[in-house]
Amino acid sequence: MWQPIWKPLLVMLALVVVFNVVYTALIDNKEADSAEVPYSRFKEELARDNVKEITIRGNSLKGEFRQKIPVTEQANRKSQTRNVGNFTTIMPAIQDPALMPELESKKVQVTAVSQETSPIVSGLIYMLPWLLIIGVWIFFSRGVKAQGPGAMMGGFAKSGAKVYESQKAPVTFADVAGMEEAKQELREVVEYLRDPKKFSRIGGKVPKGVLLVGPPGTGKTLLARAVAGEAGVTFFSISASQFIEMFVGVGASRVRDLFSGARKVAPSIIFIDELDAVGRSRGAGFGGGHDEREQTLNQLLSEMDGFDPHEEIIVMAATNRPDVLDPALLRPGRFDRRVVIERPDWRDRESILKVHTRKTPLGPDVDLAVIAKGTPGMTGADLENLVNEAAILAARENSAVVGMKQMELAKDKILMGGERKMYISEDEKRITAYHESGHTLVAKLLPGTDPIHKVTIIPRGMALGVTQQLPEDDRYHFPKSYLMNRIAVILGGRVAERLVFGDISTGAQNDLKVVTELAEKMVCQWGMSEKIGAVTFSRGEEHPFLGMKLAQEKTFSEAMAWRIDQEISAIIQEGETVAQGLLEANRDKLDALASALLEEETLDRRRIDEVIGNGER
Ligand code: ADP
Ligand code: ZN
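Just so it is clear, the structure is predicted and the values come from calculations on it, not from any experiment.

Quick look at the sheet that holds strand β13 (residues 466-469)
Taking strand neighbours across the sheet as the criterion, the 3 strands line up as β13-β12-β14 in an open arrangement whose pairing is antiparallel. The sheet terminates laterally at β13 and β14 (602-604), the two strands that pair on one side only. Strand after strand, the sheet turns through a mean of 10 degrees between neighbouring axes, direction not considered. With 3 bridges connecting them, strand β12 (residues 452-456) and β14 associate as antiparallel partners. Residue V455 lies in a different strand from β14, and its bridge partner there is L603.

Given below as C-alpha cells:
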C-alpha cells in the first residue's frame, strides 16, 4: 500500500540531506579559520582598529579581522590556541548604543541580513521532521517484511548497549571513594587508553580484559565508568543477562554488534556486568546444555581473540562469582587481569559517605565517622541509599539540614527494616528493657568486647529491642577469648530476664540460635575446643555459594558427633555462667539501666556510661 510512495519520499529525503551539506559547506567554509569570541574581545579588536567587516543577523554578529588574532578554546578538556581571521559573537541583550558610531569611525563595512531564512529553506526545515518520521516508518516496515517478525525487535534492540559519550558524564576516580588499590591497578589501563602508542613504546604490557570481582553494590560499574572518564574514551556497558534474554540466536549477534560499535570509536571501553550470566563453565548448566548461552560465550571469546594489536579496546567485566567462570575466559589475552573489590572498611565507608554528602547540607552535629563505624557490611550502594533516606526524612520534617538524628534513623531503617508501629504492653516493655540491659551490661563489664554504640527498646523489624555494638575496626580474625566474651554478651539478655523475673521469654530465641552457631563453628571449624582438638569437620559449614547449610556427608562417627554436642553445650554453659556472675554482682547497675531505658527508650554510649557510673570505656 505504501509501495508507490516510499521511493519519491526517500529521494526527497536524500535531496534535503544533500542540500544541507552543500549549504553548510558553502556558508561555513571559513570554519577552520573562524572562532567564537566574547563580545568584549570583539570590542577590544574594534578599538584597536582590527575589524575589517561585519555581518549582523538578529543578535548574532560575524565578521573578519584585518589581522589574525590568537584565540584560546576549550575542547575535550584541553585548551588550544590558534590564529583566526574570522569570528562570530553574540551581542548582549542590553543594547550597546556606542557600537554603531564606533563602527562608523573605524570605517568598518557593515552588512545587515534579515533574520528570516529563505522560504524554500524554511519550508524544507518545516517538513523535515515529517519526512524523518515517514522514513523511519518505511525503514521498519521494510525490515519486517523482508525478515519476518522478530527482525523488528532485533533492529530496535540492536545490541542493547548504551553508548555513553565520555564527555557527557565524566565520572572520574575522584567520584569513587576508597578502593585505593583497585584504582592503582587500573591506572595502567588509563595510561594505555590515553596514549596507546606511548604506552607500547615504553614497553608496557598491553592490557585487554579486566575482571572486577566483588559483591553487588561495591562500585564495580562506577569504577569501570571512572576508568573511561579518566581516559576520556567512550564507555559501552551491557549486562550479560541482556545478551540472552529475548530470542534464540540474539545473544551472539548482540556481542558482535557491541564489539563492532566499540571498534568504530576506539579507543573505548566495553563493560559487561554480571559476566557469570554468560560466562559459566560450558556444559555445566542444569538441565543439559544451554546452547544459547554457550554460543554467546563462544562469540565473546572469539571477539576478544580477534582484536588487532592496534584496536585499542579494553573489555572490563564484573562478577561476584569468579569461581563459576569458564576457564577459557581467564586465559592470557582475555580477562587476564583481576581486580578484587571488597566491601569497604569503615575508613572507606566514611569517604563514600563524604562523596555522597557533597551536595547535602549537613547539620553541625553530623559525624560521618560514627555512621561509618556503625554500618559494617554496608556497600557503597547501601551508603548512598542511607544518605538519600536521611535527606528524605529531613525534608519530611521541614528541616533545612540533614542532622545526625536523620542519619541514625536512616541507618536503622536500612539495617533493621522500618520502625514497627505496634502496641507493646508495659510488662513486655519491662522484659525487653531488662533483656537489652543484660546484653549491654555484660558487654560493658567484660574486657575486649566491642564498645556499645547504643541500646534501644524501640521495636524494629523482627526484634523488640536492639543492643548495637560498634567494632573499632572491621575484624576478620577472632581470638577465642573474644568469641567467649561475645557468647556471654549474647546470653546476657536471657540471663537478665531469668535473674529479674525468674522466667525466660521467647524473645531470646534468636540469641540462642546465634550463640549455638557460633559455638558450633568454634568447635567444628576453628578447632577451639581442647577436648576435641585442632581438627575441622564439615559440620556447621555453610554452602560456599548459597550461604545456607546443606545436607552434607558425615565425615565423623556417631561417637564424635556426641562429643561435639557435649563441647558445644559446655561452651554455651560457660558463657551463661560468666554472664550470670556479672549480672548478679552488678544488679544495681542492671536495674538502673533498665529503668533508664523504660524512661528514655534509647540510650547512647555517653548516656549508658552516665547511668552505670563508669566513664572510662
Ligand atoms: P556494582 O557494579 O558493584 O554492583 P555499582 O557501581 O552499580 O555497584 O554501585 C552502585 C552505586 O553505589 C554507585 O552508583 C555509587 O553511587 C555507589 N557506590 C558504590 N561504591 C562506591 C564508592 N566506592 N564510592 C562512591 N560511591 C559508590
Ligand atoms: Zn537479645
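More follows now that the structure is in view.
Side note on the nonpolar core
Formed by 28 residues in total, the largest nonpolar core has its most connected members in L186, L212, L223, I269 and M316. Listing elements by their share of this core, those giving two or more residues are α6 (180-194), β7 (209-213), α8 (220-231), β9 (268-273) and β10 (313-319). Of all hydrophobic cores here, the second largest spans 26 residues; its members include L211, L258, L300 and L325.

Regarding unusual backbone geometry
Cis geometry is adopted by the peptide bond preceding P267, which originates at A266 and carries an omega value of 0 degrees. Looking at the secondary structure, you find P267 in the loop between α10 (250-264) and β9. The residue K107 is not glycine, and still its phi comes out positive at about 60 degrees. The phi dihedral of M179 is positive, around 50 degrees, even though this residue is not glycine. Tracing the backbone shows M179 in the loop between β6 (162-164) and α6. Using a relative accessible area of 15% as the deciding quantity, one classes M179 as buried.

Some points on the site of ligand 1
Around ligand 1, 17 residues are found, and the nearest of them are G217, K220, T221, H356 and E384. In this structure, T218 approaches ligand 1 through a main-chain N or O atom, which is 3.3 Å from an oxygen atom. In this structure, an oxygen atom belonging to ligand 1 sits 3.1 Å away from a main-chain N or O atom of G219. When isolated, ligand 1 has an accessible area of 560 Å², and the protein chains bury 82% of it. Of the residues contributing to the shell around ligand 1, the split by class is 8 nonpolar, 6 polar and 3 charged.

Section: α8
Across its 12 residues, α8 extends 17 Å between first and last C-alpha, which sits within 8% of the 16 Å expected from 1.5 Å per residue. Residues K220, L223, A224, A226, V227, A228, G229 and A231 constitute the buried set of α8. Looking at the buried residues of α8, the elements they touch are α6, β7, β8 (234-239), β9 and β10. Looking at the residues trailing α8, positive phi occurs at G232, about 70 degrees.

Notes on the packing of aromatic side chains
Per the stated rule, a full pass over the model turns up 7 aromatic pairs. Summarising the aromatic geometry, the rings of Y39 and F42 are spaced 5.7 Å apart at their centres and angled 50 degrees between planes, so their arrangement reads as tilted. Pair noted here: Y39 and F42 are both in helix α2 (residues 39-47), with a separation of 3 residues, about one helical turn. Overall, the relative accessible area of 0% leaves F42 in the buried class.

A word on the coordination of the zinc ion (ligand 2)
The coordination sphere of the zinc ion (ligand 2) contains the protein donors H435 (NE2), H439 (NE2) and D511 (OD), at a distance range of 2.1 Å. Sequence positions of the donors to the zinc ion (ligand 2) reduce to the motif H-x3-H-x71-D. Here H439, found in helix α17 (residues 426-445), pairs with D511, found in helix α19 (residues 509-524); they are 72 residues apart in sequence, far enough to count as distant. The class of H439 is buried, set by a relative accessible area of 7%. We classify D511 as buried; its relative accessible area is 14%.

Considerations on the pairing of strand β11 (residues 337-340)
Burial along β11 is one-sided: the residues R337 and V339 are buried and none of R338 and V340 is. Bridging between β7 and β11 involves 4 bridges; their strand directions are parallel. Bridging across to β11, L212 finds its partner in V339.

Examining the pattern of salt bridges
Across all of its chains, the model carries 28 salt bridges by this definition. Between D49 and R66 there is a salt bridge; the shortest N-O distance is 3.7 Å. In this pair, D49 sits in the loop between α2 and β2 (51-57) while R66 sits in strand β3 (residues 60-75), placing the two residues 17 residues apart along the sequence. On the basis of relative accessibility, which here comes to 36%, the residue D49 falls in the partly exposed class.

Considering the packing of helix α18 (residues 480-501) against α19
Two elements in contact, α18 and α19, have axes whose closest approach is 9 Å; the angle formed by their N-to-C orientations is 160 degrees. The pairing of α18 with α19 is recorded here as roughly antiparallel in orientation. The interaxial crossing formed by α18 with α19 has left-handed handedness. Listed contacts from α19 to K480, L483, M484, R486, I487, I490, L491 and R494 of α18 are D511, L512, V514, V515, L518, A519 and M522. Partitioning the contact of α18 with α19 into residue classes produces 11 nonpolar, no polar and 4 charged.

As for helix α20 (residues 558-585)
In this model α20 runs 41 Å from its N-terminal to its C-terminal C-alpha over 28 residues, within 8% of the 40 Å that 1.5 Å per residue would give. Looking at α20, one finds that the buried residues are M560, A561, I564, E567, I568, I571, I572, G575, E576, A579 and L583. The secondary structure elements touched by the buried residues of α20 are α17, α18, α19 and α21 (587-600).

Comments concerning the environment of R347
Looking at the element boundaries, R347 is found in helix α13 (residues 346-356). Overall, the relative accessible area of 48% leaves R347 in the partly exposed class. For the pair R347 and K373, spaced 26 residues apart in sequence, the C-alpha separation works out to 8.2 Å.

Quick notes on the environment of R498
For R498, the position within the fold is in helix α18. A relative accessible area of 31% means that R498 is categorised as partly exposed. In the structure, R498 is positioned 63 residues away from H435 in sequence and 9.3 Å away in space, judged by C-alpha atoms. Residues in contact with R498, not counting those within four places in the same chain, are D503, I504, E576 and Q580.

Here's the deal with the packing of α6 against α8
With their axes 9 Å apart at the nearest point, α6 and α8 run at an angle of 40 degrees to one another. Classified by the interaxial angle, the pair formed by α6 and α8 is oblique. As α6 runs across α8, the sense of the crossing is right-handed. Contact residues: α6 offers A182, K183, L186, V189, V190, L193 and R194, while α8 offers L223, V227, E230 and A231. Grouping the constituent residues of the contact of α6 with α8 by class yields 8 nonpolar, no polar and 3 charged.

Parameters at a glance
- Residues numbered from 1 in each chain as written.
- Chains lettered and ligands numbered in written order.
- Predicted model: local features only at pLDDT ≥ 70, side-chain atom pairs only at ≥ 80, totals over all residues.
- Heavy atoms only, no water.
- Pairing = 2+ DSSP bridges.
- Helix = DSSP H or I, 4+ residues; strand = E, 2+ residues; numbered from the N terminus.
- Axes fitted to C-alpha atoms, helices over the stretch in contact; angles between N-to-C directions.
- Core = buried A, V, L, I, M, F, W, Y, C linked by side-chain atoms within 4.5 Å.
- Buried < 20%, exposed > 50% of the residue type's maximum accessible area, 1.4 Å probe, protein only.
- Near = heavy atom within 4 Å.
- Polar contact = N/O pair within 3.5 Å; in protein donor to acceptor, adjacent residues only side chain to side chain.
- Areas by Shrake-Rupley, 256 points an atom, 1.4 Å probe, with all protein chains shown as cover.
- Nonpolar A, V, L, I, M, F, W, Y, C, P; charged D, E, K, R; others polar.
- Expected span 1.5 Å × (residues − 1).
- Contact = heavy atoms within 4.5 Å.
- Phe/Tyr/Trp six-rings, centres within 6.5 Å; stacked < 30°, edge-to-face > 60°.
- Donors = N, O, S within 2.8 Å, 3.2 Å for Na, K, Ca; no water.
- Salt bridge = Lys/Arg side-chain N within 4 Å of Asp/Glu carboxyl O.
- Parallel < 35°, antiparallel > 145°, perpendicular 65-115°, else oblique.
- Left-handed = near helix turned anticlockwise from the far one by under 90°.

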